[in-house]
Amino acid sequence: MTAPAALADALAALEPRIDGELRRDLASRVLYSTDASIYQVMPHAVLIPRSVGDVQAALEVAAEHGVPLLPRAAGSSLAGQAVNEALVIDFTRHLDRVLEVRPEERRVTVEPGVVLDELNRVLGAYGLQFGPDPASSDRAALGGIVANNSTGAHSILYGMTADHVEEMGVLLSDGTAVRFVPLDPGEAAARGGRPGREGAIYRELAALAGDDGCRRAIRQATPRHWRRCGGYNLDRLVEGAAAYRWPPDPRFNLARLVCGSEGTLAVITDVTLNLVPVPRRTALAVVHFASLYRALAAVPEILEVGPSAIELLDRLGLTLCREVPAYARLVERFIDGQPDCVLITEFQGGSDAETAAAIDRLERRLAAVGAGAVSVVRALEPARQRDVWTVRKAGLGLLMSLKGDHKPIPFIEDAAVPVEHLADYVSEIERFCGELGTRVAYYAHASAGCIHIRPLIDAKQAAEVAKLPEILSFSVELLRGYGGALSSEHGDGRARSWINERFFGPEMYGLFRRVKRAFDPANLLNPGNVVDAGPMTDNLRFGADYRVRLPPERIDFAPDLGLDRAVEMCNGAGVCRKRTAATMCPSFMVTREEEHSTRGRANLLRAALDGRLGGEAITGRRLYDALDLCVECKACKAECPSSVDMAKLKLQFLAGYHAVHGVPLRARLFAGAGRLGRLAAGPAAPLANALGRSRPLRGAFERLVGITARRPLPEFARLPYPAWLRRHRRAGPPATGRVVLLVDCFNGWQTPRVARAATEVLEAAGFELVASKHGCCGRPMISKGLVDEARAAARATVDRLAPLAESGLPIVGIEPSCLLTLRDEYAYLLPGDPRVAVLAGAAHTFEEFVGRREVGGGLGLRSAEERLLVHDHCHQKALVGSGPTAGLLGLLPGRRIELLDAGCCGMAGSFGYEAEHYELSMAMAERRLLPAVRAAGESAAVVANGTSCRQQIAHGCGRRALHPAEIVRSALVAPPSESASGAAG
């Protein structure tokens, strides 16, 4: 433990030497106190370096003052090696460059903060990729991947990360900068003659590798199974020590020893990796089984056919997939019925015919040996294969989405055995856990004999915590008998380092200690990992002493089993840190700050509940600042495999915060958007719009209220929709049905052209419109945390609409955020009201309703060669998906539909109008959306179903985006004639 005085002196000495940030505040330390494991350890401070020089300064100061240091990437580690009582260095903020690509040599050099999927996006231009593919590749950075010696689904092809590490720039524990490269014996001996720590390391490691007794111990103790990453990679310094999946380089290379050392030997500053070609064609066979044992027993037979991957998804995983909207939509596309489990089997080849023939061989083999496969579903199209892999990669988080305190937690999940023993190993573990009264869950890499087994443990109970070492000890004995590996891709960390001596034996463990002393004699680099670890039950995130102090629940958390458990759903996997696809988390994608990820916000909320942030933190300003940039997009509700609903948690927090600090005037103004619309639209519109355009008034408004003058305010319609509807005369075919059009405040008072278009499309489809006569649905109040006002609005809306829904009328909305409020927030604003479920069942987005064959199929639609660039609203993507929008627009003959994967537009209702958020709002839009719109040119029609999205596109590009209703209305063969004149709105 570092003395407080020494720590204070070290931090004081470091700060003037760096260009980056040194964060010592309590909230920053909390943010880096967890990873994706079951552990929590408060760091001394956090360094966000801007250069390698900053990192070197930190090492020199740490060595001088005896302060432990932990290099960290994305913090997605499952064994606890990314948390420590140390100075944490976050490499992902600035040290994330691709330094050099040498495609002719199939080599790339990167800094440790580069995220794997982002690297592969760069490499894809050369037809190359990094071979190992951990499931966390969308947020895991190369520094962590190398430090863990990770692999993934394709390990039977590409082996381990250490098989692909060529060179490495490192800083030793005293700050010395060195470069580890492959060396012939003479070159390695010459390095041993160098002064200082570098020379001492080469002398010690050369002596160890050349000693017959050490070589014998390494050969005997190293697991024969090639899929291994535990301990230190001493076998890679001793020729013939073990089996490998990838041909080993016989040269002496300390880079491959540092690989897998979990930050305990040196700090990586850059790494050179070899690359593999991107496969030309792939195909998936999703093999369905009626029992887990039959599936695992079939793996050796499937391997005989030459697949590139075999991944398991079990019954529990499939069930959980179906409970998360984003994944439920995907599962439906490749799961047939209700299998107990499936083996996702991939084949690579040079052509579609070659991969299809491989699946034919697989089916014949399974039938010939009586493997017990129920059915085989083929996924041949790239899009369908992406769906399958998306679900598989979500496996960890999906398992962690189980509600309650029993969680499938990681501590024996990383074992691997030869595939012929896989079924028996899993059965033995399941039997032993069953005798302890513990259920288990499974997922992962069947092809390599690695099944991630997760016992369901309540870590808040002492008796349950006591099971952890007992189960792990049993697993170790099994693995020794089967010739398996204790750690096969997730590393040792706090979960397994304590048992390394028992697993590897005292002689090999002594060699590990000898290596650690050579590199780090003062034990300052991530101490307590790999060797000399404490008990695995120390520093648990929860533990038997875990307690929370709950504030009043202002909305219903009963389905989550309480506010605390809703927060605790975050397991730290960090999927919210991805930036390559989808929407979560918009603010993190721009700021790249940990506290602006869903994980960061959940960590701070939990720290406020358990007292780590102080007694009043749950209504404090620091937590407010962290949640302030949550734009309530709801992407986490769909994309977070654990279904952490940060928008709901923010509503709860804001309600409590306002109760203590009062409601700001700006929040009340935005919450009252519906009332303002009624007052300002119609005859008052010319005056209201003139005032809204006045620069002096806008400037004063920004100074007094905080509404930016840099963005034009939305104008009010001279002829709002209610007035237009009173004059409107139905011009469609005879009505064969009735429907309620839910016109929201924005499209009612500001852009009635959308509501008019929706009206005419529904009438053209043969529907008579029934007036809803509802007021504001409460969406603006929800966004500002005004729970009481939102609940009153919700109750009034239910009073108006529920009788219509109960009579069987569909309720169709044109603004996704408002319509989907009926299906989402009303459930926890009005718990126990049975009418809410009836209303939710009757509520449809415009795209869902009109896109149905029995509705849209009857429309007379003209053909046109037109490109439609489509951006869906965040709430629509999260709760419904983009399928209905694509389906509706797909009814239009001749149109080419391009669905943008542009994330959040950044407007987020009032967020983009708030002065302090304007620049961030625009940065979100400029990340992908606005560049895509500009690149599309004037010939493409831009389609956006969200009012905020259309406002952002107009402001950022000067383009008028159209609602899908407007697109469909313009395509009607016989469009209704305009029945009233007035401003378009």
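Residues numbered from 1 in each chain as written. Predicted model: local features only at pLDDT ≥ 70, side-chain atom pairs only at ≥ 80, totals over all residues. Heavy atoms only, no water.

Colleague: So what about the overall build of the protein chain? Which residues, and what values?
Modeller: When helices and strands are counted, the protein chain shows 49 helices and 25 strands. Judged by the C-alpha coordinates and their principal axes, the protein chain covers about 95 × 70 × 55 Å. In the protein chain, which comprises 985 residues, the share counted as buried stands at 63%. Total accessible area on the protein chain stands at roughly 34,500 Å², and carbon and sulfur atoms take up 52% of it. For the protein chain, the separation between the mean place of its 117 positive charges and that of its 114 negative charges on side chains is 6 Å. (Helix = DSSP H or I, 4+ residues; strand = E, 2+ residues; numbered from the N terminus. Buried < 20%, exposed > 50% of the residue type's maximum accessible area, 1.4 Å probe, protein only. Areas by Shrake-Rupley, 256 points an atom, 1.4 Å probe, with all protein chains shown as cover. Lys, Arg positive; Asp, Glu negative; His and termini not counted. Charge placed at Lys NZ, Arg CZ, Asp CG, Glu CD.)

Colleague: So, empty space enclosed by the protein: which residues are in play, and what are the values?
Modeller: Under the defined criterion, the tally for this structure stands at 11 cavities of 30 Å³ or more. By volume, the largest cavity is sized at about 660 Å³. It is helix H5 (residues 142-148) that contributes the most residues to the lining of the largest cavity, five residues altogether. For the lining of the largest cavity, the per-class residue count stands at 24 nonpolar, 17 polar and six charged. Within this model, the second largest cavity holds a volume of roughly 250 Å³. Around the second largest cavity, the lining comprises 20 residues; the ones closest to its centre are Met400, Lys407, Ile409, Phe542 and Glu568. Residue composition of the lining of the second largest cavity, by class: 11 nonpolar, three polar and six charged. (1 Å grid on protein atoms, 1.4 Å probe; cavity = no way out; pocket = protein on both sides within 12 Å on 5 of 7 lines; lining within 4 Å. Points joined across faces, edges and corners; volume = space filled by probe spheres on them. Nonpolar A, V, L, I, M, F, W, Y, C, P; charged D, E, K, R; others polar.)

Colleague: Lay out the side chain of Thr34 with the relevant residues and their values.
Modeller: Mapping Thr34 onto the fold places it in the loop between helix H2 (26-31) and strand E2 (45-48). A polar contact of 2.9 Å, which involves the side chain of Thr34, links it to the side chain of Asn603. For Thr34, the residues in contact, after removing those within four places along its chain, are Tyr39, Gln40, Arg72, Val83, Arg541, Asn603 and Arg606. (Polar contact = N/O pair within 3.5 Å; in protein donor to acceptor, adjacent residues only side chain to side chain. Contact = heavy atoms within 4.5 Å.)

Colleague: Lay out the environment of Leu725 with the relevant residues and their values.
Modeller: Looking at where Leu725 falls in the secondary structure, it is placed in helix H34 (residues 721-727). When the C-alpha positions of Leu725 and Arg756 are compared, they lie 8.1 Å apart, and in sequence the two are 31 residues distant.

Colleague: Please give an account of the pairing of strand E6 (residues 107-110) that cites residues and values.
Modeller: In this sheet, E6 lies alongside strand E5 (residues 98-102) in antiparallel orientation, the contact comprising four bridges. Paired with Arg102 across the two strands is Arg107, which belongs to E6. From the end of E5 to the start of E6, which pair antiparallel, there are four residues, and Arg106 there has a positive phi angle of about 55 degrees. Strand direction decides the pairing type here: E6 and strand E10 (residues 267-274), joined by four bridges, are antiparallel. When the sheet's bridge partners are listed, Thr109 is paired in E10 with Thr272. (Pairing = 2+ DSSP bridges.)

Colleague: Requested: an account of the sheet that holds strand E22 (residues 843-845), with residues and values cited.
Modeller: Strand order across the open sheet formed by four strands is E20-E19-E21-E22, with parallel pairing between neighbours. Pairing within the sheet leaves two strands with one partner each, and these edge strands are strand E20 (767-770) and E22. Each strand axis lies, on average, 40 degrees off the axis of its neighbour in the sheet, ignoring direction. Sheet analysis places strand E19 (residues 737-742) next to E20, joined by four bridges and oriented parallel. (Axes fitted to C-alpha atoms, helices over the stretch in contact; angles between N-to-C directions.)

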